[in-house]
Amino acid sequence: MIFTNFVLVKREMKMKRQSEEMPEVWRKMLSGERYDALDPFLIEGLQKTRELLWEFNRLSPSKTERMREIISEILGKCGERFHINQPFRCDYGCNIEVGEDFFANFNLTILDEAKVTIGDNCFIGPNVSIFTACHPLEAEERNKGVEWAEPVTIGDSVWIGG
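The rules we used
- Residues numbered from 1 in each chain as written.
- Predicted model: local features only at pLDDT ≥ 70, side-chain atom pairs only at ≥ 80, totals over all residues.
- Heavy atoms only, no water.
- Pairing = 2+ DSSP bridges.
- Helix = DSSP H or I, 4+ residues; strand = E, 2+ residues; numbered from the N terminus.
- Phe/Tyr/Trp six-rings, centres within 6.5 Å; stacked < 30°, edge-to-face > 60°.
- Buried < 20%, exposed > 50% of the residue type's maximum accessible area, 1.4 Å probe, protein only.
- Lys NZ or Arg CZ within 6 Å of the ring centre and 35° of its normal.

Enquirer: When you look at the sheet that holds strand S11 (residues 133–134) in this model, what are you seeing that I'm missing?
Expert: Adjacent strands of a sheet pair through backbone hydrogen bonds, lying either parallel or antiparallel. One open sheet accounts for three strands, arranged S1-S12-S11; its pairing is antiparallel. Each of the sheet's edge strands pairs with one partner strand only, and the pair in question is strand S1 (35–36) and S11. Across two bridges, S1 lies against strand S12 (residues 146–149) in antiparallel orientation. Within S12, the position partnered with Tyr 35 by the bridge is Glu 147.

Enquirer: Help me out: how do you make sense of the packing of aromatic side chains in this one?
Expert: Given two aromatic rings, their pairing is described by the distance between the two centres and the angle made by the two planes. Applying the stated criterion across every chain yields a total of two aromatic pairs. On the numbers, 6.1 Å between centres and 80 degrees between planes, the contact of Trp 26 with Phe 41 is edge-to-face. Of this pair, Trp 26 sits in helix H2 (residues 24–31) while Phe 41 sits in helix H3 (residues 40–58), and the two are 15 residues apart along the sequence. For the pair shown, Trp 26 and Phe 41 are each scored as buried. Ring geometry for Trp 26 versus Tyr 92: centroids 5.2 Å apart, planes at 90 degrees, classification edge-to-face. Of this pair, Trp 26 sits in helix H2 while Tyr 92 sits in the loop between strand S4 (88–90) and strand S5 (96–98), and the two are 66 residues apart along the sequence. Judged by relative accessible area, Tyr 92 falls into the buried class, the value being 2%. Geometry around Phe 82 places Arg 68 over its ring, the cationic atom sitting 4.2 Å from the centre.

Here you go:
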């Protein structure tokens, strides 16, 4: 089952283990090679993350503990001290790592087809978007769903204004 496979791969990514059974499309995506963004495995992964984000973004602001639980489940790694304001959007989440004392204001979007690493003591203003996905300039290739991804690294003590 595709959904089960995505959950297993996501769990392995969080534990930093390399899986021999990792789907080829996932390996290509993470390694910067061109891949089929319309692959059913990837679509299922996007849907799983969107379900969790749907819950997170609809929680009452007073439900801070549940918000932290959901974000901890979505992200590949996060420090003990972090806060992300609603709404938050990402593609897979497991490719995102944030350090200690991370704060993101309203409407942060991270398209994490490749690894996104954000250091300690980082602040992100409202309406910021971080993209790893790249698309061909040629319309024919782009229309086929071909993509590749490049990692994003943001160091310590960075403030990104919205």
